[in-house]
Amino acid sequence: MMSANSGNNTPKLIVPHLIVIVGFMGAGKTTVARELARLLNCQAIDLDELITERQRRTPAEVIEQSGEAEFRRIETETLRQLLNERAGDSEKCVIALGGGAWTLQTNRDLIKAHEGFSIWLNAPLDLCWQRIEAGRELRPLAPSRETAEELHGQRRPVYELAKMHIVISENMNATETAKMIAETVLR
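Residues numbered from 1 in each chain as written. Predicted model: local features only at pLDDT ≥ 70, side-chain atom pairs only at ≥ 80, totals over all residues. Heavy atoms only, no water.

1. Some words on the packing of helix α2 (residues 47-55) against helix α4 (residues 68-86)
Across the interface, α2 lies against α4 with an axial gap of 10 Å and an inter-helix angle of 100 degrees. If you check the angle between α2 and α4, you find them roughly perpendicular. On α4, the residues touching L47, D48, L50, I51, R54 and Q55 of α2 are F71, I74, E75, T78, L79, Q81, L82 and E85. Taken together, the residues that form the contact of α2 with α4 break down as 7 nonpolar, 3 polar and 4 charged. (Axes fitted to C-alpha atoms, helices over the stretch in contact; angles between N-to-C directions. Helix = DSSP H or I, 4+ residues; strand = E, 2+ residues; numbered from the N terminus. Parallel < 35°, antiparallel > 145°, perpendicular 65-115°, else oblique. Contact = heavy atoms within 4.5 Å. Nonpolar A, V, L, I, M, F, W, Y, C, P; charged D, E, K, R; others polar.)

See the structure below:
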């Protein structure tokens, strides 16, 4: 986990060219990624939206029609293609992963191989569930709070592998979160 050092001698970090936002469904990954990209004047890509565009069906539809294993295969292949397409590109990019993408070692290895800087939006389950219920999006892997709670507990130790952790509260909006990330990364 990256921590801030307030000393005046602290060298500035070079802003990574590839920033990857990870976290549980409903944590705000897409919204924060878009806001962070706006602040850094770069492109934001939502992996689930890219999958929808390329597969002509949503992740939920892929899971329902073909199963989670097939979705994970497609997700990894789409991530691989995206990172390979961007290889050698000096432009910054912020990618919002789907909630389960970071849990696969293959995906973490791909991100590491492309020198991606991972940021975990650590939102409490209560907030995530509130957003899941309020949203119109179908969540086949979290059809009930009980299922979501179990999945959240399983994924949490893997999310902790991210290089930077941002604790999310319901009082924070995407702009504040993105500014916090940008200030920390630009220190």
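2. Some words on the confidence of the model for the protein
When pLDDT is averaged across the protein, the result is 89; 91% of the residues are at 70 or more. Counting contacts from residues 1-13, a segment whose pLDDT is below 50, to residues more than four positions away or on other chains yields 17 contacts. (pLDDT = per-residue confidence, 0-100.)

3. Some words on the state of the cysteines
Inspection of the entire model under this criterion finds 0 disulfides. Here C93 stays free of any disulfide, with the sulfur of C42 as its closest cysteine sulfur at 6.5 Å. (Disulfide = S-S within 2.5 Å.)

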